[in-house]
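Here is how the chains run, residue by residue.
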Amino acid sequence: MRKYHKKNECRICSSQDLKLILDLGKQPLANAFIKKENLQKYENKFPLRLYLCKNCFLLQLLDIVDKEFLFKEYLYLTSASKPILNHFQKYASEIYNEFLKEIKKPFVIEIGSNDGSLLKEFKKLGTDVLGIEPAKNIAKMANDIGIPTKSNFLNQNIIKKNSLEKKASIVVANNVFGHIEDLKEFMKCIKLLLKNKGIFVFEVPYLIDLIQKLEFDTVYHEHLSYFSLRPLMKLMNEFNLEIFDVKKQKVHGGTIRVFVAEKDNFEITKDLKELIKYEEKFGIYKIKTYEKFSDNVKQLRSELQDKLSKFKKEGKIIFGYGAPAKGNVLLNYCKIGTQFLDYILDTTPLKHGLYTPGMHIQVRSDITHQELSSQQIALLLAWNYEEEIIKKENEFMKKGGKFLVPIPIPRLI
Ligand code: DWN
């Protein structure tokens, strides 16, 4: 099976005027955790390089790992992170109250619906739901809890085969739009699914947060595009669609929830107009912003390595806290392995007993962590849940345990 190919043009505007911004080296797939018996086997690694289109300013990967290879057996579960479950509960009620409560039996379709956590909330509100989830192992989990889920990548055939044309009042796609290689085909499918006055709502990590908070570890092969508003608006315009609203969110290090519909169906909101202005002021459409980002990431890497070496010399016991996909990008880019971390704790049963891709650090259940002591430092790889995790681990901190938060500047709390 072909696993990788290199593009030479922008995914949105097809320009070939692309500037390399950051090279994170050849890296294994961020979610490709390894069974112990396979540790000696060959491990696929692919170039991980961030490019900026100097025409439409889409920040993107051009080294494309085949989606079948990426998502055939997936280990990320929405339900493994309580903060995301809370976020989705609020998300469903906000969308329902704003757009669905006057519609009799509205139909909500989610693309990349994972284990059905969000659709479960829409179903509780009385809507009909359908999930489309390519990872077979995870689609089964959604079906097992009564969320009808097709285990497929979204394409026009599956829409026609299931007579889904023009049926959905809402199509949602969360942390999916950035994963899509052929955005134009994807938007054709969205247009097919939406009924008249239907709305496409999607959440994606926000480029300004990535740049401002040096979230370089959120760059991995699953995430092909990193969005600001201008390239998104250009894409929607091609399909006679427009963004009419945008809402900033705190999850996953900072995301935007984008609302799209046929042109002139909904009034353009103040929030959208203000964020467009803020992007210009921030300099997100200036190349020097990205050059500075790249320099700051390299500086962060050496600071983090120095801190870990210092703690190790002081005899501290250091372990990883959370085994997120982004954590593997950070560990591989900063060459942080078992010379620093004894193990990594995580709440995801699917990851327990496995080893991290590249650095081969064992992942253990978070409830088995040894008697934590004042001699211990937890490298917070799941930094996007800092607030919740600090609250949850107050016993550890009372005993003098510390967390090392790696970004935007490595700091001990
Ligand atoms: O786009 C994607 C993002 C949204 O989710 C996917 N490509 C894959 C995934 O990325 P991630 O793995 O970086 O997501 P999380 O949600 O930041 O992963 C957090 C990890 O930390 C999970 O494995 C669960 C774990 N965790 C934990 O061990 N203790 C989480 C919490 C809240 C905890 O208290």
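You'll find the structure just up there.
The structure displayed is predicted, hence computed values, not measured ones. (Residues numbered from 1 in each chain as written. Predicted model: local features only at pLDDT ≥ 70, side-chain atom pairs only at ≥ 80, totals over all residues. Heavy atoms only, no water.)

**Here we look at the site of the ligand**
Selection criterion: Any residue with at least one heavy atom within 4 Å of a molecule or strand is counted as near it. We call two N or O atoms a polar contact when they sit within 3.5 Å, provided that within protein one can donate a hydrogen and the other can accept it, with sequence-adjacent residues counted only if both atoms are side-chain atoms. A run of H or I in DSSP becomes a helix once it reaches four residues, and a run of E becomes a strand once it reaches two; helices and strands are each numbered from the N terminus. Classification used: nonpolar for Ala, Val, Leu, Ile, Met, Phe, Trp, Tyr, Cys and Pro, charged for Asp, Glu, Lys and Arg, polar for all others including Gly.
Not every one of the 27 residues close to the ligand is listed here, only the nearest: Glu222, Lys326, Asp346, Lys351 and Tyr385. One nitrogen or oxygen atom from the side chain of His179 is found 3.2 Å from a nitrogen atom belonging to the ligand. A distance of 2.6 Å separates an oxygen atom of the ligand from a polar atom in the side chain of Lys326. The set of elements that each furnish at least two residues to the shell around the ligand consists of α11 (325–333), β15 (344–346) and α12 (386–392). Of the residues in the shell around the ligand, the class split is twelve nonpolar, ten polar and five charged.

**A closer look at α11**
Put simply, the rule reads: Exposed residues in this analysis have more than 50% of their type's maximum accessible area, buried residues have under 20%, and partly exposed residues fall in between, with area computed by a 1.4 Å probe over protein chains only. Contact between two residues is taken to exist if any of their heavy atoms lie within 4.5 Å; hydrogens are not considered.
Of all the nine residues making up α11, nine are buried; the element is thus mostly covered by neighbouring parts of the structure. Restricting attention to buried positions, one finds in α11 the residues Ala325, Lys326, Gly327, Asn328, Val329, Leu330, Leu331, Asn332 and Tyr333. On the buried face of α11, the contacting elements are β2 (18–27), β3 (46–53), α10 (287–313), β15 and β17 (376–380). Looking one or two residues beyond α11, the residue adopting positive phi is Lys335, at roughly 50 degrees.

**Examining the pattern of salt bridges**
So the rule is basically this: We define a salt bridge as a contact between a side-chain nitrogen of Lys or Arg and a carboxyl oxygen of Asp or Glu at a distance within 4 Å.
Across all of its chains, the model carries 24 salt bridges by this definition. Several salt bridges converge on common partners, so that one network encompasses Asp209, Lys213, Glu215 and Lys248.

**Some remarks on the nonpolar core**
Which entries qualify depends on this criterion: What makes a nonpolar core is a set of buried Ala, Val, Leu, Ile, Met, Phe, Trp, Tyr and Cys residues whose side-chain atoms join them at distances within 4.5 Å.
Formed by 138 residues in total, the largest nonpolar core has its most connected members in Ile111, Phe177, Phe186, Phe200 and Phe216. The element that contributes the greatest number of residues to this core is helix α2 (residues 82–100), accounting for eight residues. Once residues lying within four places of it in the same chain are set aside, the contact partners of Phe177 are Leu183, Phe186, Met187, Phe200, Phe202, Val204, Phe227, Leu232, Leu235 and Met236. In terms of nonpolar packing, the next biggest core, distinct from the first, is built from eleven residues, Phe46, Phe69, Ala135 and Ile138 among them.

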